[in-house]
Amino acid sequence: MSVVRATDRLFFAAIPDRPTAARIADVRRDLCDRYGLTGKSVAMEQLHVTEWHVGDGLDAPPLDLIDELARRVGSIGMPPFQVMFDHAMSFSHGPFVLCGREGVAGLEMLHEHLKAALFVDGMKPVRSRFTPHMTLLRARRLVQPLEIEPITWMVKELVLVHSLLGKGIHRYVARIPLRRRD
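The structure displayed is predicted, hence computed values, not measured ones. (Residues numbered from 1 in each chain as written. Predicted model: local features only at pLDDT ≥ 70, side-chain atom pairs only at ≥ 80, totals over all residues. Heavy atoms only, no water.)

Enquirer: I'd like a description of the sheet that holds strand 3 (residues 49-57), backed by residues and values.
Expert: Strand pairing in a sheet takes place through backbone hydrogen bonds and is either antiparallel or parallel in direction. With respect to topology, four strands assemble into an open sheet ordered 3-1-8-9, the strand pairing being antiparallel. A single partner strand is all that each edge strand has here, and the edge strands are strand 3 and strand 9 (169-177). Strand-to-strand twist in this sheet, taken as the mean axis angle between neighbours without regard to direction, amounts to 20°. Here six bridges tie strand 1 (residues 8-14) to strand 8 (residues 157-164), and the two strands are oriented antiparallel to one another. The residue bridging F11 from the neighbouring strand is V161, located in strand 8. Across the sheet, helix 2 (residues 63-74) lies against strand 1, strand 3, strand 8 and strand 9, angled at about 40° from strand 9, the strand it touches most. Each of strand 1, strand 3 and strand 8 is contacted by helix 3 (residues 105-118), which is oriented at about 35° to strand 3, the strand it contacts most. (Pairing = 2+ DSSP bridges. Helix = DSSP H or I, 4+ residues; strand = E, 2+ residues; numbered from the N terminus. Axes fitted to C-alpha atoms, helices over the stretch in contact; angles between N-to-C directions. Contact = heavy atoms within 4.5 Å.)

Below, the structure written as structure tokens:
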């Protein structure tokens, strides 16, 4: 019996603006050089903070699912907010990431809003713990937290990303602006 693996992933993400993504790529390059880190880097165009993993499937997500997810998330009442990452480190399972101690409250709040908007009718969230981070590199070496010059940007929208697993392709299938709802 052969195992069929998912080829597509759907997730909501906060995406840094282009100048911030370029700065993050420069910081990654500097840290890799300084600490001898090697591994597969996340492409500058794909740097993101995963806010909510919708799921993995075998085929492209249907348009009606994309529309329904965008509708639900569009009802969230949250204004744009600033993110600040102030250190880099490894998670125990390998990725080298950016994290923040003080500047990630908006990401945490947005995650909670997504949980409320996407899990209705008695459904339970897939993951109960959320650690805001941005993966920079898939590395095998563990690195203890390193202070970095803070990296900040404004999160003005949430992006629904369709990822083709193993192919390095991210398609933005919906962009939902953040705004206060009255």
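More follows now that the structure is in view.
Enquirer: Can you explain the sheet that holds strand 7 (residues 146-155)? Please cite residues and give values.
Expert: Ordered by their spatial adjacency, five strands build an open sheet running 2-6-5-4-7, and the pairing between neighbours is antiparallel. Of all the strands in the sheet, just strand 2 (39-41) and strand 7 have a single pairing partner and so form its edges. Across the sheet, the mean angle separating the axes of adjacent strands is 30° when strand polarity is ignored. Each of strand 2, strand 4 (81-90), strand 5 (95-99), strand 6 (134-139) and strand 7 touches helix 1 (residues 18-35); the most contacted strand, strand 7, lies at about 165° to it.

Enquirer: Run through the side chain of Q46, naming residues and quoting values.
Expert: Along the chain, the position of Q46 falls in the loop between strand 2 and strand 3. Given the relative accessible area of 15%, Q46 is considered buried. (Buried < 20%, exposed > 50% of the residue type's maximum accessible area, 1.4 Å probe, protein only.)

Enquirer: Outline the packing of helix 2 against helix 3, listing residues and values.
Expert: Contact geometry for helix 2 and helix 3: axes closest at 9 Å, N-to-C directions at 125°. It follows from the interaxial angle that helix 2 and helix 3 lie oblique. Where helix 2 crosses over helix 3, the two elements pack in a sense that is right-handed. Only L114, A117 and L118 of helix 3 make contact with helix 2, whose side of the interface consists of L69, R72 and V73. For the contact of helix 2 with helix 3, the class distribution of residues is five nonpolar, no polar and one charged. (Parallel < 35°, antiparallel > 145°, perpendicular 65-115°, else oblique. Left-handed = near helix turned anticlockwise from the far one by under 90°. Nonpolar A, V, L, I, M, F, W, Y, C, P; charged D, E, K, R; others polar.)

Enquirer: Which residues make up helix 2, and what values do they have?
Expert: Its 12 residues place the ends of helix 2 16 Å apart at the C-alpha level, agreeing with the 16 Å of an ideal helix rising 1.5 Å per residue. All of the buried residues along helix 2 are I66, L69, V73 and G74. All buried residues of helix 2 lie within an arc of 130° about the axis, which places them on one face of the element. Facing away from the buried surface of helix 2 by more than 90 degrees, the exposed residues are D64, D67 and R71. If you follow the buried residues of helix 2, they end up packed against strand 1, strand 3, helix 3, strand 8 and strand 9. (Expected span 1.5 Å × (residues − 1). Arc of directions from axis to C-beta.)

Enquirer: Describe the environment of R129, listing the residues and the values that go with them.
Expert: Residue position: R129 is located in the loop between helix 3 and strand 6. Judged by its relative accessible area of 65%, R129 is exposed. It is 26 Å that separates the C-alpha atoms of R129 and R181, two residues lying 52 residues apart in sequence.

Enquirer: Go over the environment of D59 with me, naming the residues and quoting the values.
Expert: Among the secondary structure elements, D59 is positioned in the loop between strand 3 and helix 2. For D59, a relative accessible area of 61% gives the class exposed.

Enquirer: An account of the state of the cysteines is needed here, citing residue identities and associated values.
Expert: Chemically, a disulfide is nothing more than a covalent bond linking the sulfur atoms of two cysteines. Under the definition given, this model contains zero disulfides. Among the cysteines around C32, which has no disulfide bond, C99 carries the closest sulfur, lying 15 Å off. (Disulfide = S-S within 2.5 Å.)

Enquirer: Quick rundown of the pattern of salt bridges? Include the residues and the values.
Expert: Two side chains that carry opposite charge are able to pair once their charged atoms sit near each other. A full pass over the atoms with the stated rule returns nine salt bridges. Of the charged contacts, one joins D56 and R9 as a salt bridge, the two residues approaching to 2.7 Å between their closest N and O atoms. Taken as a pair, D56 in strand 3 and R9 in strand 1 lie far apart in primary sequence, 47 residues in all. R9 sits in the partly exposed class, given a relative accessible area of 31%. Of the charged contacts, one joins K115 and E112 as a salt bridge, the two residues approaching to 3.4 Å between their closest N and O atoms. (Salt bridge = Lys/Arg side-chain N within 4 Å of Asp/Glu carboxyl O.)

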